[in-house]
Amino acid sequence: MPSTSYAGEVEAVERPSGRRAAGAPGAAAATVGAAGAGPSTSRPVDTGAYREVLAHTVKPVIKKNVFVKAAEAAFGCVQHGEYASNEIRTAKYTLLTFLPVNLFEQFTRIANLYFLIVAVIQLIPGLAPTSWFTTVAPLVVVLAINAIKEVVDDYYRHQSDREINGRTVTVLEEGGRETPVTWRDLAVGDIVKVVNDTEFPADIVFLSSSDPGNICYVETANLDGETNLKIKNCFSKTTGKNLADDFKEFAEYYSVRCELPNPQLYKFEGAVVLRDDPDGPGSQLPLTADHLLLRGCTLRKTDWVVGVVVYTGLDSKIMKNRTPSPRKVTQLERHMNVLVLTMFVLLFVISALMSMGAVIWEKAHVHDDWYLGYEGKYPDFYPSFRSWVLGVIRWVILLNGVIPISLYVTLEVVKVFQCKMILDLDRHMYHVETDTRFSCRTTNLNEDLGQVQYVLSDKTGTLTQNVMGFVWLSAGNELYGKRNCRASDLPSPSHIDEATPHSVALDPDLLRGLGLDLSLLAQQPPSKTNKSMRGHAIIIRAAAARAPDPELERFMINLAVCNTVVPAISDDGHFVYQASSPDEEALVTGAAFLGYRLYSRTTDQVVVELLRTGEHLHYQVLAVLEFNADRKRMSIIARCPDGKVRLFCKGADTMIMARVAARQPRVPAVRRHLEEMAQAGLRTLCVAEKEIPEAAYGKWAAQYDAACVALTDREGRVAEVSEAIERDMELLGATAVEDKLQDGVPEAIEDLLSAGVGVWVLTGDKVETAISIAMSCRLFTDQMALVEVRERDFEGTGDDKSKEAAVLRGKQEEVRMEQTRLELELGPDCGPMVGLVVEGGALARLLTAEHAGQLVDLCTICKSVVCCRVSPKQKAEVVKMVQRYRKAIVLGIGDGANDVSMIQAAHIGCGISGREGRAAVMASDFAFAQFKYVARLVLLHGRAAYKRNTEVVWYAFYKNWIYNMVLLYFGFVTGWSSQPLFTSGLIAVFNVFFTSAPTVAFAVLEQDVSMSTVLSTPQLYSETMNATRRQFLSEQLWWLVLASWHSLCIYFLPVYSMSNPNKDGLTYDWQMVGATVYTGIIVTANLKVAIRTRYWTWVNHVCIWASIALWWPYVIGYSAVFQVTPVSGAADMSGVALDMMGGPQFWLTSLVLAPAMSLLPDLTHMAFQRTFSPKLFQIYQEKEWRDELISEGRRTLRLDQPPVEGGLADSTGLELGARQPHMGLQTQR
């Protein structure tokens, strides 16, 4: 079945901190269907604090009348009853609403609104100098292109909605009936049966399962992107039932009390309540997130489950998580807004001045020149303020093209082409191993990629592979994993691949400590059979020579018990572990290799198989205190095979060390080993254990039960109770997991740093681990000095902000001193050479309004920054801090749900398709498989997109400036009137037909230097990275200066050359002159693109020359229209084309003189600038041209053949030229 597609993104939220194991001793003792409890007639309610759901075994029938259905279809809405309907609509439009809604949204864009106002004014009789068609036609084209795009997008949304709402699910009803019901008709209180490999239609409380362990497996990929299966636990009092009649007592005597609908995916507070005595002792049984099956999840490896619907439609958690993607505006768009506003002010000033000139001219001529026909009333008032106002309006209408109407739609088209034809199809950003393509999830941010100043990255799964290997462990005061059998000249175990990432299992000392004989382990040659489940057990059992070290055995059992891993058996007989955490998977797999295999896991029991004896150890799970970002640890309380209650715990070293009993002799050794592990760049966890007396457990369990059924602040209460039991533990040791760097990460970071991009790493790892990884990926180097800002630096400051500021000032001074020292050692041109390490505890103090600016100053004077022990919230706050105080473009990149807030906060969010699911990808703007692609994305594609797209903007204003300046010049010779030089048919199509295609081709295909040069010279990126608004507007001003010269040449050359009579003695009328000028504009504007194009393809040739060639059939056809059919608006052009082309003036001025004289200053400026003040990219252009010349010369002189002794190759000047110094390249043509 296809997966459900929901609009919007899923927020990253934290998982719950605890759950009560089903059937655990100490749980509430209520029984479904207890004697004496009568049925209740109360209605389901949302009390304001919680929702009370009454299950029913007969589905109520709700029918909508024809008018309601028609209204829903017309307006795209859904009628809701007491609870939200389960029908969803993600489509944006209907047939009735499309036109008004789409037009409203399009006219919220200021440029479109401006042209709409101009078009409306043009409809006023006698006011506009041009036809309404000249504005409406291009505006309709622009609106239509956007509307077509919206129609296509919404069509697929409608299809998705119909498919989802039309799916069926089985509803259980009395009499053993299993009624198929469409998802749209599902209601709160329905008891539904969902079968394997289908999605859940609503949020359902899990009542029964086909699994004998009363569990089910769900896949949550549609919610959070994680593909690992999760275990869900059945409500313990309704197990084994699969007919509606079996649930009749439950429906009559009990209700499901749950929290009001909310977006928290991993939190659910509810209870099954006895209706007649809801607050009595033992009348509430707790429900947690483990009992809730969420809409969008898919049932796996379970034949069927039964549950009662509690949240439907828009109330379901997945729909509550629908949030619109944040609107991100690029720097170029902001520059454009300033430019458009400036041009509008300039347009108004020009119009006011021209209208003033018209008033002055009219005062001199209106009374004396009777043939002008002034009547002194609208629309020809006598010279006055009223006539000046009308004149301003007319000039604004005539020159409205100063703001190019096609600019925005051209940029949108260009960006789509850049994303879909270049980025998405870049084979160098395709990851073969995972078959993952680069994906542009937005087309709005292309040019911002060329201005990235900071890259803020997660570490695990982003810089690293997130393929964890269990490599070291500390137990019994010994550190294992540093040796392996092969290096010690000892036989390797035949059941373990020597290339395994879990290399700790190859340590000979550890194997001996577990009572295994190395020679017996290696007795059988390695084979596929040995590595199967059965072969694995046989080999270890045969090698068990003596009893294992008790300390090591306790440690291994703890690893096998204390986790949430789900074991399964693959088709080839291997144990496969489904784990939400790669760390847990690595630890459990390593323990299995060493003979302590997690055999099975159910809601209330964990079974560990001792492979050395074949014995199965059964641990009855009493409570699971789950891991979350605040606790940073997890615990399982279980009744062990010896009957004792024990707490098994593992977590971050800081959390565990703070909760172990005092004065344990093992602590110093473990601390020493942790330090060594961190220096090796390994991820560490501590392992602890505690025996709990029965009386103490009973007392604690009562408190825990009360916390678990609380409907307000359940998570906080559970955390408080968990804290009470997780203390005075016995430290067993520590584990070290290796997460190797991805391929190409050091090179990518080095390129980014060389380009001047700041790279910061934000990680939850401890300081030593983060520094080690930073050294490995070349973020830090041996030559650099490191300055650390630790939490201990603020001891004694209390909440005194001035003292905290003093600490920061001290760190800034330390950075300056280290930088000065390094400049003396390495030279003054070494650049920033100080790395900064900030600990999460210190960051928590400094991410405040009082210190944020000072902290940014400290970070930005350093070359690289690593922030350790940071939470997901702090990651987002660091991103916002840099954006706020540095006004810089920040790129955030991560791979997990905990990185979503950082990705969404950044200007540009990149998601890695990794092992932590697709939550980061779903929240991102660009998605790909490996961090190394960031360098190519930013340095190559980002730089190109910025340069191309800025030229699109400059060119759009340039060509429209030429076009409108000739209208202005014509006004000087027409009494300052707003008489247009061109007819309506020419004005309407200038931007659409003759000047749009070349700029699109240029923006998609242009390369100022080759891709290999860009990638090998990261310094080229500084040109776009450091580009400012001032530079953008200055360059636009230069384009307009050149455009003004072009307009002078294009206007005056044809006007004066055609002022003399033609061969028939007739003068050229203004339509012929206008068409000739129009021809000059088309030729010059297209040649302007040609002289700026370096990378020519057949597409560029077709677009440029075809745009020019298209003018001739158009003008000839336009001139012939009126002669065939008397069409209004075409009369003025009747017969113009052939008469105009019959004289030499047309060909000489419009095709030769006007373009040549216009572009001469452009070519002169380009030559002088390239010769005397070359830019960096131009130097590399010269180098490429020289290399091409040398290569061509070698081929011509046949120097590519093996040199002959004494031959020409030994003395050729080309060979010497190849060795010329780099900086002299611009002079070698």
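Each residue is numbered by its place in its chain's sequence as written, counting from 1. At least 70 in pLDDT is required for a residue's local features to be given in this predicted model, at least 80 for side-chain atom pairs to be given and counted, and no such filter applies to totals for whole chains, interfaces and linings, which use all residues. Note: side-chain values were computed over all heavy atoms of the structure, leaving out hydrogens and water.

> Is there a simple way to explain the nonpolar core in this structure?
Grouped burial of nonpolar side chains is what soluble globular proteins tend to show. Residues grouped as a nonpolar core are buried Ala, Val, Leu, Ile, Met, Phe, Trp, Tyr and Cys residues, joined through side-chain atoms within 4.5 Å. Buried means the residue's accessible area, taken with a 1.4 Å probe over protein chains only, is under 20% of the maximum for its type, while exposed means over 50%, and partly exposed covers the values in between. Counting 93 residues, the largest nonpolar core has Leu399, Val953, Phe982, Tyr1078, Ile1081 and Trp1111 as the members making the most contacts within it. In this description, contact between two residues means that some pair of their heavy atoms is separated by no more than 4.5 Å. Those residues in contact with Phe982 that lie beyond four places of it in its chain are Tyr963, Val966, Leu967, Ile987, Trp1070, Gly1074, Val1077, Tyr1078 and Ile1081. In terms of nonpolar packing, the next biggest core, distinct from the first, is built from 88 residues, Ala755, Leu822, Met833 and Phe926 among them.

> Is there a simple way to think about a negative patch on the surface in this case?
On the surface, a cluster of negative charge is made up of Asp1064, Asp1069, Asp1132 and Asp1139. For the purposes of this entry, the term helix denotes a DSSP run of H or I that reaches at least four residues, the term strand denotes a run of E that reaches at least two, and both are numbered from the N terminus. Here Asp1132 lies in the loop between helix H37 (1111-1124) and helix H38 (1136-1141). Patch membership requires over 30% relative accessible area and the absence of a salt bridge. Like charges are linked within 9 Å, and nonpolar side chains (Val, Leu, Ile, Met, Phe, Trp, Tyr) within 5 Å. Calculation of accessible area relied on Shrake-Rupley with a 1.4 Å probe; when residues are assessed, cover is drawn exclusively from the protein chains displayed. Take a side-chain nitrogen of Lys or Arg and a carboxyl oxygen of Asp or Glu: if they are within 4 Å of each other, that pair is a salt bridge. We treat Lys and Arg as the positive residues and Asp and Glu as the negative residues; His and chain ends play no part in the count. To locate a charge, the coordinates of NZ of Lys, CZ of Arg, CG of Asp or CD of Glu are taken.

> Looking at this model, I keep getting lost on the pattern of salt bridges. Mind explaining?
Should the charged atoms of two oppositely charged side chains come close, the side chains can pair. Scanning the model with the defined rule gives 70 salt bridges in all. One network of salt bridges, with partners in common, ties together Glu551, Arg554, Asp642, Lys644, Arg646, Arg666, Glu689, Glu691 and Glu730.

> How should the UniProt feature "active site" (unreviewed entry) in the protein be read in this particular structure?
UniProt positions are given in the numbering used here, feature names are shortened, and annotations may be inferred rather than shown by experiment. Under the present numbering, the feature "active site" (unreviewed entry) in UniProt falls on Asp458. Relative to the helices and strands, Asp458 is located in the loop between strand E17 (452-457) and strand E18 (464-475). With near-sequence residues (within four places) excluded, Asp458 lies in contact with Leu463, Leu762, Lys875, Ile893, Gly894, Asp895, Asp899 and Met902. N or O atoms within 3.5 Å of each other form a polar contact, as long as, within protein, one can give a hydrogen and the other can take it, and as long as residues adjacent in sequence are counted only when both atoms are side-chain atoms. Polar side-chain contacts of Asp458 include one of 3.3 Å to the side chain of Thr462.

> For this particular structure, what's the right way to read the sheet that holds strand E9 (residues 229-233)?
Strand pairing in a sheet relies on backbone hydrogen bonds. The paired strands run either parallel or antiparallel. Two strands pair under a simple rule: DSSP has to find at least two bridges between them. Across the sheet, which stays open at both edges, the three strands sit in the order E9-E8-E14 with antiparallel pairing between neighbours. In this open sheet, the two strands that pair with only one neighbour each are E9 and strand E14 (298-300). Mean inter-strand twist for the sheet, computed between neighbouring axes without regard to direction, equals 45 degrees. Here strand E8 (residues 215-219) pairs with E14 via three bridges, running antiparallel. Considered in E14, the bridge of Val218 is made with Leu299. As a rule, the C-alpha atoms of each element are fitted with a line to give its axis, helices using only the stretch in contact, and angles between N-to-C directions run from 0 to 180 degrees.

> Sorry, what's going on with the pairing of strand E22 (residues 596-601) here?
Regular strands show a simple pattern: their side chains alternate between the two faces of the sheet. Relative to strand E23 (residues 605-610), E22 is paired through five bridges, and the arrangement is antiparallel. The residue bridging Tyr596 from the neighbouring strand is Leu610, located in E23. Counted along the chain from E22 to the antiparallel partner E23, the turn is three residues long.

> Looking at this structure, I do not really get the pairing of strand E30 (residues 785-789). What am I missing?
Burial along E30 is one-sided: the residues Ala785, Val787 and Val789 are buried and none of Leu786 and Glu788 is. Relative to strand E31 (residues 834-839), E30 is paired through five bridges, and the arrangement is parallel. Each residue of the ladder has a partner; that of Val789, found in E31, is Val838. Handedness of the crossover is the feature at issue here: the chain leaves E30, passes through helix H22 (residues 801-826), returns alongside E31, and the resulting connection is right-handed. Crossovers are marked right-handed if the path from the first strand over the helix to the second runs clockwise, as seen with the strands pointing away from the viewer.

> Can you help me understand empty space enclosed by the protein in this one?
Empty space left among the atoms is revealed by rolling a probe the size of a water molecule over them. Buried and open spaces are told apart on a 1 Å grid over the protein atoms alone, a cavity being a set of points where a 1.4 Å probe fits but cannot get out and a pocket being an open set with protein on both sides within 12 Å along at least five of seven lines. Residues with an atom within 4 Å of a point are the lining residues. Grid points are joined across faces, edges and corners, and a volume is the space filled by probe spheres set on the points. In the structure shown here, the tally under the stated rule is eight cavities of 30 Å³ or more. Estimates place the volume of the largest cavity at around 220 Å³. If you go around the largest cavity, you meet 19 residues; those closest to its centre are Thr134, Asn400, Gly401, Tyr963 and Ile987. Mapped by element, the contributors of at least two residues to the lining of the largest cavity are helix H3 (110-122), helix H4 (133-165), helix H9 (385-398), helix H28 (933-972) and helix H30 (990-994). When the residues that make up the lining of the largest cavity are grouped by side-chain class, the tally is 11 nonpolar, eight polar and no charged. Ten residue types, Ala, Val, Leu, Ile, Met, Phe, Trp, Tyr, Cys and Pro, are classed as nonpolar, four, Asp, Glu, Lys and Arg, as charged, and the remainder, Gly among them, as polar.

> Where do I start with a positive patch on the surface in this structure?
Together, Lys873, Lys880, Arg884 and Lys887 make up a region of like positive charge exposed at the surface. Within the element layout of this structure, Lys887 appears in the loop between helix H25 (872-886) and strand E33 (889-894). Lys887 gets classed as exposed once you look at its relative accessible area, which sits at 65%.

> Please explain the sheet that holds strand E5 (residues 177-182) as it appears in this structure.
Here six strands make up an open sheet; going across it, the order is E5-E4-E6-E15-E7-E13 and the pairing antiparallel. Edge positions in the sheet fall to E5 and strand E13 (292-293), since each of these pairs with one other strand and no more. Pairing analysis gives two bridges linking strand E7 (residues 203-209) to E13, with the strands arranged antiparallel. Bridge pairing in E13 places Ile204 opposite Leu293.

> Would you explain helix H39 (residues 1144-1172) in this entry?
An α-helical segment advances 3.6 residues per turn. Residues three or four places apart therefore align on the same side. The end-to-end C-alpha distance of H39 is 40 Å, a good match for the 42 Å that 29 residues give at a rise of 1.5 Å each. Within the sequence span of H39, burial applies to Gln1145, Phe1146, Thr1149, Ser1150, Ala1154, Pro1155, Ser1158, Leu1159, Asp1162, Gln1169 and Arg1170. Contacts from the buried residues of H39 go to helix H34 (1029-1057), helix H35 (1070-1092), H37, H38 and helix H40 (1176-1196). Here, expected helix span is obtained from the residue count minus one, scaled by 1.5 Å.

> How should I be thinking about unusual backbone geometry in this particular structure?
Residues other than glycine predominantly adopt negative phi, and peptide bonds predominantly adopt the trans conformation. We note that Lys301 has phi near 55 degrees; this positive angle belongs to a residue other than glycine. Considering the arrangement of structural elements, one finds Lys301 in the loop between E14 and strand E15 (304-311). You can call Lys301 exposed: its relative accessible area is 53%. At Lys887, a residue that is not glycine, the phi angle is positive and equals roughly 50 degrees.

> When you look at the confidence of the model for the protein in this model, what are you seeing that I'm missing?
Detailed reading of predicted coordinates is not advised where the pLDDT is low. Confidence in the prediction for the protein averages 84 pLDDT; 89% of positions are at 70 or higher. Note that residues 1-45 has pLDDT below 50 and, in this model, 146 contacts with residues that lie over four places away or in other chains. pLDDT measures how confident the predictor is about each residue, on a scale from 0 to 100. A low-confidence stretch, residues 1205-1229 (pLDDT under 50), is modelled with 37 contacts involving residues beyond four sequence positions or located in other chains.

> It is not clear to me how the packing of aromatic side chains should be interpreted in this structure. Could you clarify?
To describe a pair of aromatic rings, you give the distance between the ring centres and the angle between the ring planes. Here a Phe, Tyr or Trp ring, Trp counted by its six-membered ring, pairs with any other such ring whose centre lies within 6.5 Å, and the pair is stacked when the planes are under 30 degrees apart, edge-to-face when over 60, and tilted otherwise. Under the criterion given, the structure shown has 40 aromatic pairs. Relative to Tyr1114, the ring of Phe993 lies with its centre 6.1 Å away and its plane at 80 degrees, an arrangement referred to as edge-to-face. A residue pair is termed long-range when its members are at least 10 positions apart, and Phe993 in helix H30 and Tyr1114 in helix H37 qualify at 121 residues. The exposure class assigned to Phe993 is partly exposed, which follows from its relative accessible area of 37%. Of the residues examined, Tyr1114 reaches a relative accessible area of 21% and is grouped as partly exposed. By the ring-pair criterion, three or more aromatic residues cluster together here, those being Tyr963, Phe982, Phe990, Phe993, Phe994, Tyr1078, Trp1111, Tyr1114 and Tyr1118. The rule is short: NZ of Lys or CZ of Arg within 6 Å of the ring centre and within 35 degrees of the ring normal puts a charge over the ring. Positioned above the aromatic ring of Phe1177 is the side chain of Lys947, whose terminal nitrogen or guanidinium carbon lies 4.2 Å from the ring centre. A cation over a ring is seen here: Lys1088 above Tyr958, with NZ or CZ 5.3 Å from the ring centre.

> Explain the side chain of Lys415 to me, please; I cannot follow it from the model alone.
One can find Lys415 in helix H10 (residues 407-423). With residues near it in sequence (within four places) discarded, Lys415 still touches Thr330, Glu333, Thr443, Asn444, Asn446, Glu447 and Asn949.

> Explain the side chain of His907 here, please?
Counting through the fold element by element, His907 comes out in the loop between helix H26 (900-905) and strand E34 (908-912). Aside from chain neighbours lying at most four places away, what touches His907 is Lys328, Leu445, Gln883, Ala888, Ile889, Val890 and Asp925.

> Just to check I follow, could you spell out H10 for this structure?
Helix length check: H10 (17 residues) gives 22 Å between terminal C-alpha atoms against 24 Å at 1.5 Å per residue, within 8%. Within the span of H10, buried status applies to Leu407, Tyr408, Val409, Thr410, Leu411, Val414, Lys415, Gln418, Cys419 and Leu423.

> When you look at the environment of Val142 in this model, what are you seeing that I'm missing?
Here Val142 lies in helix H4. Looking at Val142, the relative accessible area reads 9%, which means it is buried. Each C-alpha atom, one on Val142 and one on Ile405, is 7.9 Å from the other, the two residues being 263 residues apart in sequence. Ignoring any residue separated from it by four or fewer positions in sequence, one finds Val142 in contact with Gln106, Asn112, Ile405, Ser406 and Val409.

> Would you take a moment to explain a nonpolar patch on the surface for this structure?
Nonpolar side chains collect at one region of the surface, where Leu341, Phe344, Val345, Phe348, Val349, Leu353, Met356 and Ile360 lie side by side and expose about 750 Å² of accessible area between them. By the element assignment, Phe348 lies in helix H8 (residues 331-365). What makes Phe348 partly exposed here is its relative accessible area of 43%.

> Quick question: what am I supposed to make of the environment of Val608 here?
Looking at the element boundaries, Val608 is found in strand E23. Separated by 47 residues in the primary sequence, Val608 and Val561 have C-alpha atoms spaced 7.3 Å apart. In this structure Val608 touches Ala560, Val561, Tyr596, Arg597, Tyr599, Glu615, His616, Leu617 and Tyr619, once residues within four positions along its chain are discounted.

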